[in-house]
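For reference, the chains in residue letters:
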Amino acid sequence: MTTAAAASLFWIAIGAFALPMIARRLRAPSAVGEILYGVALGPSVLKLISQSDFTDLMAQIGFAILMFSAGMEIDFAPLRKRGSKTLGTAVIWTILAAGASVALALYLGIGPWPTLAVCAVSIGLASVLLREKRLLPEPIGQVTLAVGLIGETLSILALTVLDFRAKYPEPAMFAMAIGKFAGIFILAYLLIRVFRFIIWWAPEKVESVLAGADPLELGVRLSVALLFIFVALSAYVEVEPILGAFLAGAMFGFIFQEREVVAEKINAMGQGFFVPFFFIVVGTHFNPFATLKSIRWEELGVLALLALSVKVFPSLAFLRVGLKLREVLAAGLLLAAPLTLTVAVAEVGASLAESAHQAGHGDAGIGVSAEMQGSLLLMAIIMGLVCPFLARLLLPDKAEAAPDPRREKAAS
């Protein structure tokens with residue numbers, strides 16, 4: 001490890017530890033604070049964190065774990081139990097939001113990558129705030145969770161298709177890439193069948209693997225092995241590695257229904273260090289001075305307004321499941337801040353544009369430009385701060401009304 005990499009690791013470790021506590025006091029998403037921390041300490045400002053192969057590798061691992069955790073959260077079984085009305089409302093919202101995004105983007109002449117950033121859906125910030133207010137079991141939590149799960153899955157698939165279209169413009173090459181992509185799904189299906197048979201044949205052994213008291217941590221080893229196997233397969237067939245990570249997480253969650261212990265350990269490992277590493281490194285790639293000079297504020301305003309309108313107005317469909325108007329608006333605001341996926345779209349789009357430039361294609365309209373990447377990242381930061389703050393004001397606080405077990409025990 002070089003001296004610069006060691007210094008970067010030192011400052012990133014301090015930020016990963018301290019920033020969540022500061023963000024909690026400010027009632028702001030920790031990911032936003034981590035990005036801003038990376039901007040401040042990055043090469044463009046204080047120059048305390050440098051870009052290197054080491055930091056990029058650690059950031060990629062953090063991004064992979066983040067996508068794996070997102071895939072592991074995909075579980076439609078509880079949603080089916082809540083009735084067809086909730087799922088139907090979620091599907092209606094998804095269709096309305098996607099349709100409005102595409103229609104407005106075509107009308108305004110916005111490219112496909114900014115359109116995807118506008119209509120992308122992620123459940124991350126929404127689930128954190130709803131869990132904090134103990135609203136996940138309530139109707140607003142159920143509907144928002146359903147929309148988030150469906151929207152996040154479709155957003156990842158749309159990102160993959162756009163990636164393919166940029167890399168393989170010719171129909172034959174595109175069809176071949178889709179075939180390789182389908183091969184990964186076939187492999188995942190076969191592995192699911194094999195693991196299902198193993199679970200049926202030896203349920204006690206599987207339960208011991210997933211148990212929290214296993215000294216070898218075989219459950220964690222299996223999940224991490226699946227993660228990196230599918231990331232490697234994705235890279236081999238030239239698919240974005242984040243899709244492999246997301247698919248591995250979804251497959252692990254589908255195979256092992258009793259996965260809470262392993263999921264907690266993976267989230268602790270990821271959120272404890274690797275995921276903050278990713279967001280801090282993303283911030284180091286952001287040059288605030290160049291971005292603020294080159295950014296087109298009208299374009300940024302249009303993108304932010306689109307991201308807000310195509311999420312809030314379709315949320316009126318939530319009235320059909322009995323939500324109040326303020327809850328409907330809060331749900332729309334939460335879904336309008338897909339911080340993780342907006343950053344992902346910007347990162348993947350910028351990587352494609354850089355690869356095209358290095359290949360000698362010049363400005364061929366592939367991916368997103370550095371200016372658009374800055375605009376999308378700035379939009380993600382603004383929306384990630386403003387939307388959860390406004391949603392917190394609109395949502396009822398069930399936590400205050402919840403009984404305190406310690407008080408009940410003392411009273412008895």
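Here goes a summary of the coordinates provided. (Residues numbered from 1 in each chain as written. Predicted model: local features only at pLDDT ≥ 70, side-chain atom pairs only at ≥ 80, totals over all residues. Heavy atoms only, no water.)

Right, let's talk about the packing of aromatic side chains for a bit. One pass over the full model with this rule turns up seven aromatic pairs. Ring centres of Phe-273 and Phe-277 lie 5.3 Å apart, and the angle between their planes is 70°; on these two criteria the pair is classed as edge-to-face. Residue Phe-273 and its partner Phe-277 are located together in helix 13 (residues 260–284), separated by four residues, close to a single helical turn. Judged by its relative accessible area of 0%, Phe-277 is buried. (Phe/Tyr/Trp six-rings, centres within 6.5 Å; stacked < 30°, edge-to-face > 60°. Helix = DSSP H or I, 4+ residues; strand = E, 2+ residues; numbered from the N terminus. Buried < 20%, exposed > 50% of the residue type's maximum accessible area, 1.4 Å probe, protein only.)

Following the sequence through the fold, Glu-34 ends up in helix 2 (residues 30–41). One buried charge, Glu-34, has no salt-bridge partner; the nearest side chain with opposite charge is Arg-24, at 10 Å. Leave out the neighbours within four places in its chain, and Glu-34 touches Leu-19, Pro-20, Pro-276, Phe-279 and Ile-280. (Lys, Arg positive; Asp, Glu negative; His and termini not counted. Salt bridge = Lys/Arg side-chain N within 4 Å of Asp/Glu carboxyl O. Contact = heavy atoms within 4.5 Å.)

Counting across every chain of the model gives two salt bridges. Where Lys-167 meets Asp-163, a salt bridge forms, and the shortest distance between an N and an O atom there is 3.4 Å. Residue Lys-167 and its partner Asp-163 are located together in helix 8 (residues 139–167), separated by four residues, close to a single helical turn. Under the relative-accessibility criterion, Lys-167 is labelled partly exposed at 31%. Its relative accessible area of 0% is what places Asp-163 among the buried residues.

Side chains of Ile-382, Leu-385, Val-386, Phe-389, Leu-390 and Leu-393 sit close together on the surface and give an oily, nonpolar patch of about 510 Å² of accessible area. Summarising the element assignment, Leu-385 is placed in helix 18 (residues 370–394). (Patch = residues over 30% accessible without salt bridge, like charges linked within 9 Å, V, L, I, M, F, W, Y side chains within 5 Å. Areas by Shrake-Rupley, 256 points an atom, 1.4 Å probe, with all protein chains shown as cover.)

Right, let's get into the side chain of Ser-101. With respect to the helices and strands, Ser-101 occurs in helix 5 (residues 84–108). Within the local environment of Ser-101, its side chain forms a polar contact with the backbone oxygen of Ala-97, the two atoms lying 2.7 Å apart. Filtering out sequence-adjacent residues up to four positions away, Ser-101 remains in contact with Thr-115, Val-118, Cys-119 and Val-310. (Polar contact = N/O pair within 3.5 Å; in protein donor to acceptor, adjacent residues only side chain to side chain.)

This brings us to the packing of helix 8 against helix 16 (residues 325–335). Put simply, helix 8 and helix 16 touch, their axes get as near as 11 Å, and they point 30° apart. In terms of orientation, helix 8 and helix 16 fall into the roughly parallel class. Handedness of the crossing formed by helix 8 with helix 16: right-handed. Within the contact between the two elements, helix 8 uses Ile-140, Thr-144, Val-147 and Gly-148 and helix 16 uses Glu-327, Ala-331 and Leu-335. (Axes fitted to C-alpha atoms, helices over the stretch in contact; angles between N-to-C directions. Parallel < 35°, antiparallel > 145°, perpendicular 65-115°, else oblique. Left-handed = near helix turned anticlockwise from the far one by under 90°.)

A word on the environment of Ile-110. Structurally, Ile-110 can be placed in the loop between helix 5 and helix 6 (112–119). Considering only alpha carbons, one finds Ile-110 and Glu-299, 189 residues apart in sequence, at a separation of 9.5 Å. In contact with Ile-110, not counting residues within four places along its chain, are Ala-105, Thr-115, Val-302, Leu-303 and Leu-306.

Taken by themselves, the reported measurements are silent on function.
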